[in-house]
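An overview of the molecular structure
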Amino acid sequence: DVKVTQSSRYLVKRTGEKVFLECVQDMDHENMFWYRQDPGLGLRLIYFSYDVKMKEKGDIPEGYSVSREKKERFSLILESASTNQTSMYLCASSPDRGETQYFGPGTRLLVL
Amino acid sequence: GQQLNQSPQSMFIQEGEDVSMNCTSSSIFNTWLWYKQDPGEGPVLLIALYKAGELTSNGRLTAQFGITRKDSFLNISASIPSDVGIYFCAGQGYAGGTSYGKLTFGQGTILTVHP
């Protein structure tokens, strides 16, 4: 079975802190994605990566950056957390061009 | 960007009832997908549709890719308590376009099933 793990299930941070969310997949997938999920808005794509060291902006990249130094790991970085970044963050990986995505359990981030 | 409108936003039904939900788009999609998210978990793929008019089943679930390529439907027959969760539609654009590889998700339908 494909396994996508995220470093934390729950996280509480203060405004202005730098936040790292880590995602690891064990199926050698080339493609990885970061979404945020908010009630009534569904899942919105923040960034994605089709290869190591490669990244592309999604629909809402402002306030975020990403890092993909190894194929299995895709990190989401909040350079200076703000309260409007309080959300559920979901990581996904895909063996194809994003069509079949396998999701991690999510990290619920609260920024105070 | 592309937008998907999913309805209804929520449903409260009795066990044994059938459920229908749908998604409409302002743009054409090449692929339609339906995901389910259990409480506290990430979404899991239920059904993938690749061709206009296609009707695909997965157990009690049936989904259809609309003829216009701008809509999709999901039906759940004889609902059971474990059907509870959030159901998302997602669309993927044509290969070669800037939207290739990216999924656009609907807002989700929250399903509650009363025993």
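Before any of the text, the structure's been laid out above.
Quick caveat, the model's predicted, so the values are computed rather than measured. (Residues numbered from 1 in each chain as written. Chains lettered and ligands numbered in written order. Predicted model: local features only at pLDDT ≥ 70, side-chain atom pairs only at ≥ 80, totals over all residues. Heavy atoms only, no water.)

Looking now at the packing of aromatic side chains. Counted according to the given criterion, the structure contains 11 aromatic pairs over all chains. Ring centres of Phe103 of chain A and Tyr35 of chain B lie 5.6 Å apart, and the angle between their planes is 90 degrees; on these two criteria the pair is classed as edge-to-face. Of this pair, Phe103 of chain A sits in strand β10 (residues 102–103) while Tyr35 of chain B sits in strand β4 (residues 31–37), placing the two residues on different chains. Phe103 of chain A gets classed as buried once you look at its relative accessible area, which sits at 11%. Aromatic ring contacts, followed pair by pair, group Phe33, Tyr35, Phe48, Tyr50 and Phe103 of chain A together with Tyr35, Phe88 and Phe105 of chain B into a single cluster. (Phe/Tyr/Trp six-rings, centres within 6.5 Å; stacked < 30°, edge-to-face > 60°. Helix = DSSP H or I, 4+ residues; strand = E, 2+ residues; numbered from the N terminus. Buried < 20%, exposed > 50% of the residue type's maximum accessible area, 1.4 Å probe, protein only.)

Let's shift gears to the interface of chain B and chain A. Opposite the 20 residues of chain B that make contact, chain A presents 21 residues. Taken over both partners, the interface formed by chain B and chain A buries close to 1600 Å², and the fraction arising from carbon and sulfur atoms is 52%. Across the contact surface, chain B and chain A share zero salt bridges. At the surface where chain B touches chain A, the tally comes to three residue pairs in polar contact (both at pLDDT 80 or more). Counting residues per element, the ones that place at least two in the side of chain B that touches chain A are β4, β9 (85–92) and β10 (103–105) of chain B. (Contact = heavy atoms within 4.5 Å. Buried area = accessible area lost by both parts, 1.4 Å probe. Salt bridge = Lys/Arg side-chain N within 4 Å of Asp/Glu carboxyl O. Polar contact = N/O pair within 3.5 Å; in protein donor to acceptor, adjacent residues only side chain to side chain.)

Attention now moves to the sheet that holds strand β1 (residues 4–7) of chain B. Across a sheet, paired strands are connected by hydrogen bonds in the backbone, their directions being either parallel or antiparallel. All names here are of chain B. Taken together, the five strands give an open sheet; going across it, the order is β1-β3-β8-β7-β6, and neighbouring strands pair in antiparallel fashion. Strands at the two margins of the open sheet, each flanked by one partner only, are β1 and β6 (55–58). Adjacent strand axes in the sheet meet at a mean angle of 15 degrees, parallel and antiparallel pairs treated alike. As paired strands, strand β3 (residues 19–25) and strand β8 (residues 71–76) are joined by six bridges and run antiparallel to one another. When the bridges of β8 are listed, Thr24 appears paired with Asp71. (Pairing = 2+ DSSP bridges. Axes fitted to C-alpha atoms, helices over the stretch in contact; angles between N-to-C directions.)

Moving on, we come to the environment of Gly42 of chain B. Looking at where Gly42 of chain B falls in the secondary structure, it is placed in the loop between β4 and β5 (44–49). Residue class for Gly42 of chain B comes out buried when judged on its relative accessible area of 7%. Once residues lying within four places of it in the same chain are set aside, the contact partners of Gly42 of chain B are Leu90, Phe103, Gly104 and Pro105 of chain A together with Lys36 and Gln37 of chain B.

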